[in-house]
Amino acid sequence: QVHLVESGGGLVQPGGSLTLSCAASGTIFSVYGMAWYRHAPGKQRELVANINSSGGTNYADYVKGRFTISRDNAKNTVSLQMNSLKPEDTAVYYCNAGVRVVLSSGVMNFWGKGTLVTVSS
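Here's what I pulled together on the structure shown here. Being a predicted model, the structure only gives us computed values, none of them experimental. (Residues numbered from 1 in each chain as written. Predicted model: local features only at pLDDT ≥ 70, side-chain atom pairs only at ≥ 80, totals over all residues. Heavy atoms only, no water.)

## Focus on the packing of aromatic side chains
Aromatic rings in a pair are described by how distant their centres are and how their planes are angled relative to each other. This is how it is decided: To pair, rings of Phe, Tyr and Trp, with the six-membered ring standing in for Trp, must have centres within 6.5 Å; the planes then decide the type, stacked if under 30 degrees apart, edge-to-face if over 60, and tilted in the middle. In our convention, an over-ring charge means Lys NZ or Arg CZ found within 6 Å of a ring centre and within 35 degrees of that ring's normal.
A complete count under the given rule lists one aromatic pair for this structure. The ring of Tyr94 carries Arg45 above its face, with NZ or CZ at 4.0 Å from the centroid. It is Arg45 that lies over the ring of Trp111; its NZ or CZ is 4.5 Å from the centre.

Pasting the structure below:
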């Protein structure tokens, strides 16, 4: 069993910054791609950013230049540094990871339970 636990959400004023963190734990042989998604009220869940095991990154256009995704492969963690936050960034942010639990298994997709980010004055 693999668990992804997010932390770092909260209330922040427009223009402010927040850092989200996610730690993967449990039976893990290897972690592959990791990502952050978000789900805003009335909208579908959308990809915010992802990062592969080599550190290659990809960002949604609406966060480019404002958000930075990073990971620590030794600790199986992924972070999302969010700067210049806007009210439209308000959402529940979810951590996602592709994990091989044992050498002989395939890569399975796991999700955290989410952390709420509210951008408001």
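## Side note on the sheet that holds strand β3 (residues 18-26)
Definition in use: Strand pairing is defined by DSSP finding a minimum of two bridges between the two strands. We count a stretch as a helix when DSSP gives it H or I for four or more residues in a row; a strand needs E for two or more, and each element gets its number in order from the N terminus. As a rule, the C-alpha atoms of each element are fitted with a line to give its axis, helices using only the stretch in contact, and angles between N-to-C directions run from 0 to 180 degrees.
Across the sheet, four strands lie side by side as β1-β3-β8-β7; this open sheet has antiparallel pairing. Unpaired on one side and paired on the other, β1 (2-7) and β7 (67-72) mark the two borders of the sheet. Taken pair by pair, the neighbouring strands of this sheet meet at an average axis angle of 15°, ignoring direction.

## Considering the nonpolar core
Looking at soluble globular proteins, one finds that nonpolar side chains tend to be buried together. To be explicit about the condition: Put simply, a nonpolar core is a bunch of buried Ala, Val, Leu, Ile, Met, Phe, Trp, Tyr and Cys residues held in one set by side-chain atoms that sit within 4.5 Å of each other. Here's how the labels work: a residue is buried when its accessible area is under 20% of the maximum for its type, exposed when over 50%, partly exposed in between, all with a 1.4 Å probe on protein chains only. By definition, residues are in contact when any of their heavy atoms lie within 4.5 Å.
Within the largest apolar cluster, 32 residues are counted, with the highest numbers of intra-cluster contacts made by Trp36, Leu80, Met82 and Tyr93. With five residues, the top contributor of residues to this core is strand β9 (residues 91-100). Leaving out residues up to four positions away in the same chain, Leu80 has contacts with Leu18, Thr19, Leu20, Trp36, Val48, Ala49, Phe67, Thr68, Ile69 and Tyr93.

## Let's talk about unusual backbone geometry
Most peptide bonds take the trans form, and the phi angle of most residues other than glycine is negative. A positive phi is found at Asn76, a non-glycine position, where the angle reads about 55°. The phi dihedral of Ser84 falls on the positive side, at around 50°, and the residue is not glycine. Take Ser84: it is sitting in the loop between β8 (77-82) and β9.

## Focus on the state of the cysteines
Put simply, the rule is: Whenever a pair of cysteine sulfur atoms sits within 2.5 Å, that pair is classed as a disulfide.
Counting across every chain of the model gives one disulfide. Sulfur-sulfur distance for the disulfide between Cys22 and Cys95 comes to 2.1 Å. Given an S-S torsion of about -80°, the disulfide between Cys22 and Cys95 has left-handed geometry. You can see Cys22 sitting in strand β3 and its partner Cys95 sitting in strand β9, a full 73 residues away along the chain.

## Brief notes about the pattern of salt bridges
Defined as follows: Here, a salt bridge means any side-chain nitrogen of Lys or Arg that lies within 4 Å of a carboxyl oxygen of Asp or Glu.
Overall, the coordinates contain four salt bridges when judged by the stated rule. Across the pair Arg38 and Asp89 runs a salt bridge, and its minimum N-O distance is 2.9 Å. Here Asp89 lies in the loop between β8 and β9 and Arg38 lies in strand β4 (residues 30-39), a separation of 51 residues in the sequence. Considered together, Arg38 and Asp89 belong to a single accessibility category, that of buried residues. Of the charged contacts in the structure, one is a salt bridge between Asp89 and Arg66, with a shortest N-O distance of 2.7 Å. Residue Asp89 is located in the loop between β8 and β9, and its partner Arg66 is located in the loop between β6 (57-59) and β7; the two are separated by 23 residues in the primary sequence. Like Arg66, Asp89 is buried.

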